[in-house]
Amino acid sequence: MTKKITISLPDELAARLAEESNVSAYVAEALRRRVAGERTREILRKSGFAVTEAGVARAHAEIEQLKAGITPELREQSAQLKTDILAARAKARR
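About the thresholds
- Residues numbered from 1 in each chain as written.
- Predicted model: local features only at pLDDT ≥ 70, side-chain atom pairs only at ≥ 80, totals over all residues.
- Heavy atoms only, no water.
- Helix = DSSP H or I, 4+ residues; strand = E, 2+ residues; numbered from the N terminus.
- Rg over C-alpha atoms; globule rule 2.2 N^0.38 Å.
- Buried < 20%, exposed > 50% of the residue type's maximum accessible area, 1.4 Å probe, protein only.
- Areas by Shrake-Rupley, 256 points an atom, 1.4 Å probe, with all protein chains shown as cover.
- 1 Å grid on protein atoms, 1.4 Å probe; cavity = no way out; pocket = protein on both sides within 12 Å on 5 of 7 lines; lining within 4 Å.
- Points joined across faces, edges and corners; volume = space filled by probe spheres on them.
- Nonpolar A, V, L, I, M, F, W, Y, C, P; charged D, E, K, R; others polar.
- Salt bridge = Lys/Arg side-chain N within 4 Å of Asp/Glu carboxyl O.
- Expected span 1.5 Å × (residues − 1).

### Quick look at the overall build of the protein
Looking only at helices and strands, the protein has four helices and zero strands in total. Ordered by position in the sequence, the α and β elements of the protein form the string α-α-α-α. Compactness check: the protein gives a C-alpha radius of gyration of 21 Å against a globular reference of 12 Å for 94 residues, more than 25% above the reference. Within the protein, buried positions represent 1% of all 94 residues. Summed over its atoms, the accessible surface of the protein is roughly 9,000 Å², and 57% of this surface lies on carbon and sulfur atoms.

Next comes the structure, spelled out in structure tokens:
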């Protein structure tokens, strides 16, 4: 079931949505992600973790820094290890 609603948005967000072929699906997915994040933060808070915007921003920055350290050589080594592991598993099953 769906419900039609009307919302007001800042111009830059309305312009961005105008680029989407299915605005309703785009907004619904964005809202689902937001709700999931809120639920996760609430679970973490109830478990004794202090979740702050600064902490989340810091974690995102750390992730981006780690991603930046992934060189083409590391990607190649990772792919080779995956191939080796899959081959070893296949051999062990025979």
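### Examining the layout of surface pockets
Estimated volume of the largest pocket: approximately 390 Å³. Lining the largest pocket are 13 residues, and of these K3, I5, S24, V27 and A28 lie nearest its centre. By residue number, the principal contributor to the lining of the largest pocket is helix α2 (residues 23-46), which donates six residues. In terms of residue class, the lining of the largest pocket is built from nine nonpolar, two polar and two charged.

### A word on the pattern of salt bridges
Under the counting rule described, the total for this entry stands at seven salt bridges. Here E19 ties to R16 by a salt bridge, and the two come within 3.7 Å at their closest N and O atoms. According to the relative accessible area criterion, E19 is exposed, its value standing at 62%. The class of R16 is partly exposed, set by a relative accessible area of 32%. A salt bridge links E64 to K67, with the shortest nitrogen-to-oxygen separation between them at 3.6 Å. Of this pair, E64 and K67 both sit in helix α3 (residues 53-68), separated by three residues, roughly a single helical turn. When its relative accessible area of 48% is taken as the criterion, K67 is described as partly exposed. Within this structure, R16, E19 and E20 form a network of salt bridges that share partners.

### Focus on α2
In a regular helix each residue adds 1.5 Å, so 24 residues correspond to 34 Å; α2 covers 35 Å between its end C-alpha atoms and thus fits that length. Positioned one or two residues after α2, G48 has a phi angle of 100°, which is positive.

Geometry only, nothing functional implied.
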